[in-house]
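So the chains spell out like this:
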Amino acid sequence: MGLTGGEFIAEYLISEEIPYVFGIPGHGDMGAFDAFKDRKDRITVISPRHEQAAAHMADAYYRASGRPLATLTSIGPGSLNIATGLATAFVDSIPMISFTGGPQTYMLGRGVLQELERQQDNVFPHILQPMTKRNWDVQHVDLLADVLPRAMNTALTGRPGPVHIEVPIDLQAEVTDKPLPDPAERRPEFRAVRPDPDAMDAAAAKLLAARRPVILAGGGCLEAKAAEEVRKVAEYLDAAVVVTMMGKGIFPEDHPLDAEHTGANGTAVGNHMTREADVILAVGTRFAEQTSSSYMDGMSFSIPPTELIHLDIDATEIGKNYPTAIGAVCDAKAGLGDLLDALTDRGGPEGVTRPDYRDEIRTWRAKWHEMLTGRWTDELSLSRVLHSMRDLLPREAIAIASAGHPQIQAFQEFLSYEPRTWLSPGGYSTMGYTLPAAIGAKLAQPDRPVVGFAGDGDLQMTVQELAVAAETGAAVIIACINNTGWLSIRDFQRGMFGEDRGFATEFRSRKGDQLMPVDFTQIAKAYNCGAEKVTTPDQIAGAVGRAMASDGPYLIEFMTDREPVNTEGVNIGHWDLPKPAYLP
């Protein structure tokens, strides 16, 4: 006897050495789930409390380890819930394979339970199409032998991303006699995409002639494992290194050439260095709006007159947002390696020294950090939490933040020193990401401390996943920044629309207008997690020490001050949020 469709999927994932599948069983995926029951010694199924969290867990597992996972969800609303997680992964080029149940092939279009068929028989695969790199609607069980390796190949090669496979209910239970494909025979062993040699020679000439070179390193550098190449090129040129939200961690943020970040959420040193650069070498980055200060000329970039050399695996990103002097399609590791060879061929083995340039970076870094700490009051603030926790946690700690002030300020203020130690939905800025992502990251890196920074608005969107943290024993630290509202938006409203324009962002009673704070400490304890409250800066160290000593998940509820002086971050760049015409 052959394998059922569900068994075939399970065996193929095992052959791909995928250790975890995240998903929730329903009538639309029961056949597939049953196949995993008899294989639980070889592959583990973890059930989150909401399907969005399944995708975030798989997403963060990859960001922390470079190894993809799978999700499995039922027909209809169960799989629609995963859409936000897939979109988050797609925008940031994070691979995973998402299986969804579908209506029986022999009842297609009849409107079976949870089918969407009024405009087209089972239109669901088309709903997920914009947020996946590729999707398949499998209509015969024998096709799984072809589709599964193609899907994994698509997810992992070129510019990576999530893929989707719809598996009808009946196919999960039917038998196929097709042999299980060998992953090694269906994927290229050597994936490096090398740049054109003439382009690298021209780039080397331009960089050697530059007076103020800057390397802008994006997420493509992490994906290509190009940390060593970024460092070698930077040190050869004595070039400032600025990283994007997705690239944070690729270059140690205590290196003398580190110029931190540019853009709307950037730092003073980063924006200064990119704005004043004469040549920018951009590698593995798409010049997202937040990186580019909404493309306001002269705010973060001055292109032109700054000349841009752009290396990227995706040709569509080159020249899309800025004109390029030299553009080359390649992966970051191969491109930087070949560029370094071209530099040494032209400039010799010793490289360039720019002591005054290094001094300038150091001066601007010091100025920026004085701006941050100089704003502190005696009250508890997110900024104080970030700086204290950075001092208390080891260099290899993994930090996670979703959206709003925690994302922006952690990006700016919580320094990263190693690749894959900063996880954040940079392109989609997804609320609710932090907690499930922390679980996924801890499963990927069980020996590293994992801390997730989440505002109370963010955390409430996926707070139920504390149950999964407890069930798995994931010893994550959740730093809940409780200020009773979506105060990042309130602060944007105040700063951009006027100080009296804060609206619908505070959690208040409709009856008496008093604040209605949530007691996350009690919620965490109800989910069998350790938890405590922190109300003053001097309590931070003790709480973090107890959290790190815990052998399970631990939530620290930081009751931060709500006054703008203690909630607003330092905005150096520009974000284009148009003011309504009726406001002065």
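Everything quoted here is computed from the prediction, not taken from an experiment. (Residues numbered from 1 in each chain as written. Predicted model: local features only at pLDDT ≥ 70, side-chain atom pairs only at ≥ 80, totals over all residues. Heavy atoms only, no water.)

Our next topic: the sheet that holds strand β15 (residues 422–423). Strands in a sheet are paired, the pairing made by backbone hydrogen bonds, and the direction either parallel or antiparallel. In spatial order, the strands read β15-β14-β16-β17-β19-β18; together these six strands make up an open sheet with parallel pairing. The two strands at the open ends of the sheet, each matched to only one other strand, are β15 and β18 (530–534). Here four bridges tie strand β14 (residues 398–401) to strand β16 (residues 450–455), and the two strands are oriented parallel to one another. Within β16, the residue paired with A399 across the bridge is V451. (Pairing = 2+ DSSP bridges. Helix = DSSP H or I, 4+ residues; strand = E, 2+ residues; numbered from the N terminus.)

In this section: the pairing of β16. Here β16 lies mainly inside the structure; six of its six residues are buried. Side chains of β16 alternate between two faces, with V450, G452 and A454 and V451, F453 and G455 buried alike. As defined by bridge partners, β16 adjoins strand β17 (residues 477–482) across five bridges and the pair is classed as parallel. Looking at β17, one finds that F453 is bridged to A479. (Buried < 20%, exposed > 50% of the residue type's maximum accessible area, 1.4 Å probe, protein only.)

Attention now moves to the sheet that holds strand β3 (residues 44–46). Ordered by their spatial adjacency, six strands build an open sheet running β3-β2-β4-β5-β7-β6, and the pairing between neighbours is parallel. Edge strands, defined here as strands with exactly one partner in the open sheet, are β3 and β6 (134–137). Across this sheet, the average inter-strand angle for adjacent strands is 20°, counted without regard to direction. As judged from the three bridges shared by strand β2 (residues 20–23) and strand β4 (residues 70–73), these two strands associate in the parallel manner. Pairing of V21 across the sheet is with A70, part of β4. (Axes fitted to C-alpha atoms, helices over the stretch in contact; angles between N-to-C directions.)

Let us look at the nonpolar core. Within the largest apolar cluster, 82 residues are counted, with the highest numbers of intra-cluster contacts made by L13, F22, I97, F99, I165, I400 and L459. Sorting elements by how many residues they give to this core places helix α3 (residues 51–65) first, with nine residues. Not counting the four nearest positions on each side in its chain, L13 is found in contact with I18, V21, F36, I43, A70, I97 and F99. Listed in part, the 54 residues of the second largest apolar core include V230, I280, L308 and L343. (Core = buried A, V, L, I, M, F, W, Y, C linked by side-chain atoms within 4.5 Å. Contact = heavy atoms within 4.5 Å.)

Okay, the packing of helix α15 (residues 382–392) against helix α22 (residues 540–549) next. The N-to-C vectors of α15 and α22 enclose an angle of 50°; their axes lie 10 Å apart at closest approach. Between α15 and α22, the angle falls in the class oblique. Every pair of crossing elements has a handedness; the one defined by α15 and α22 is right-handed. On the side of α15, the interface is formed by R384, V385, S388, M389 and L392, while α22 contributes I540, A541, V544 and M548. Of the residues contributing to the contact of α15 with α22, the split by class is seven nonpolar, one polar and one charged. (Parallel < 35°, antiparallel > 145°, perpendicular 65-115°, else oblique. Left-handed = near helix turned anticlockwise from the far one by under 90°. Nonpolar A, V, L, I, M, F, W, Y, C, P; charged D, E, K, R; others polar.)

Moving on, we come to helix α1 (residues 5–15). Burial of α1 is extensive: nine of the 11 residues sit out of reach of the surface. Within α1 the residues assigned to the buried category are G5, G6, F8, I9, A10, E11, Y12, L13 and I14. Directly beyond the C-terminal end of α1, a positive phi value near 60° is found at E17.

As a further point, take the state of the cysteines. Counting across every chain of the model gives zero disulfides. The closest cysteine sulfur to the non-disulfide-bonded C529 is located on C480, 13 Å from its own sulfur. (Disulfide = S-S within 2.5 Å.)

In this model helix α14 (residues 355–373) runs 27 Å from its N-terminal to its C-terminal C-alpha over 19 residues, within 8% of the 27 Å that 1.5 Å per residue would give. Of all the positions in α14, only Y357, I361, R365, W368 and L372 are classed as buried. Viewed end-on, α14 has its buried residues packed into an arc of 75°, placing them on one side of the element. Those residues of α14 that are exposed and aimed more than 90 degrees away from the buried face are P355, D356 and E370. Those residues of α14 that are buried are in contact with β9 (213–217), β10 (240–243), α12 (268–276), α15 and α16 (404–413). (Expected span 1.5 Å × (residues − 1). Arc of directions from axis to C-beta.)

Moving on to the side chain of D456. Looking at where D456 falls in the secondary structure, it is placed in helix α18 (residues 456–459). One buried charged side chain, D456, makes no salt bridge at all; its nearest oppositely charged neighbour is R562, positioned 7.4 Å away. One polar contact links the side chain of D456 to the main-chain amide nitrogen of G485, over a distance of 3.1 Å. The residues touching D456, leaving out its near neighbours within four places in the chain, are C480, I481, N482, N483, T484, G485, F507 and F520. (Lys, Arg positive; Asp, Glu negative; His and termini not counted. Salt bridge = Lys/Arg side-chain N within 4 Å of Asp/Glu carboxyl O. Polar contact = N/O pair within 3.5 Å; in protein donor to acceptor, adjacent residues only side chain to side chain.)

Along any regular strand the residues' side chains alternate between the sheet's two faces. Burial runs high along strand β5 (residues 96–102): seven of the seven residues are buried. Alternating positions in β5 separate into two faces, M96, S98, T100 and G102 on one and I97, F99 and G101 on the other, with burial throughout. Alignment of β4 against β5, held across four bridges, turns out to be parallel. Bridging from a neighbouring strand, A70 pairs with I97 of β5. Two elements, β5 and strand β7 (residues 162–168), share seven bridges in a ladder whose sense is parallel. What sits directly across from I97, in β7, is V163.

Turning next to unusual backbone geometry. A negative phi holds for most residues other than glycine; trans holds for most peptide bonds. Following I303, the chain continues to P304 via a peptide bond in cis, the omega torsion being -20°. As for its position among the elements, P304 is in the loop between β11 (279–283) and β12 (307–312). Backbone geometry at F287 places phi at a positive 55°, although glycine is not the residue there. As for its placement among the helices and strands, F287 is situated in the loop between β11 and β12.

Taken together, the side chains of M461, W486 and I489 define a hydrophobic patch exposed on the protein surface, amounting to about 280 Å² of accessible area. Along the chain, I489 falls in helix α20 (residues 487–497). (Patch = residues over 30% accessible without salt bridge, like charges linked within 9 Å, V, L, I, M, F, W, Y side chains within 5 Å. Areas by Shrake-Rupley, 256 points an atom, 1.4 Å probe, with all protein chains shown as cover.)

All right, on to the side chain of T434 then. With respect to the secondary-structure elements, T434 resides in helix α17 (residues 434–444). Excluding anything up to four places from it in sequence, T434 contacts I400, A401, S402, G452, F453, A454 and D458.

Okay, the pattern of salt bridges next. For the coordinates displayed, the defined rule picks out 35 salt bridges. Between E253 and K248 there is a salt bridge, with its nearest N and O atoms 2.7 Å apart. A residue is classified by how much of its surface remains accessible, and K248, at 0% relative accessible area, is buried. Across the pair R562 and E506 runs a salt bridge, and its minimum N-O distance is 3.3 Å. One end of the pair, R562, is in the loop between β19 (554–559) and α23 (564–567); the other, E506, is in the loop between α20 and α21 (520–526), with 56 residues separating them in the sequence. Within this structure, R490, D491, E506, R508 and R562 form a network of salt bridges that share partners.

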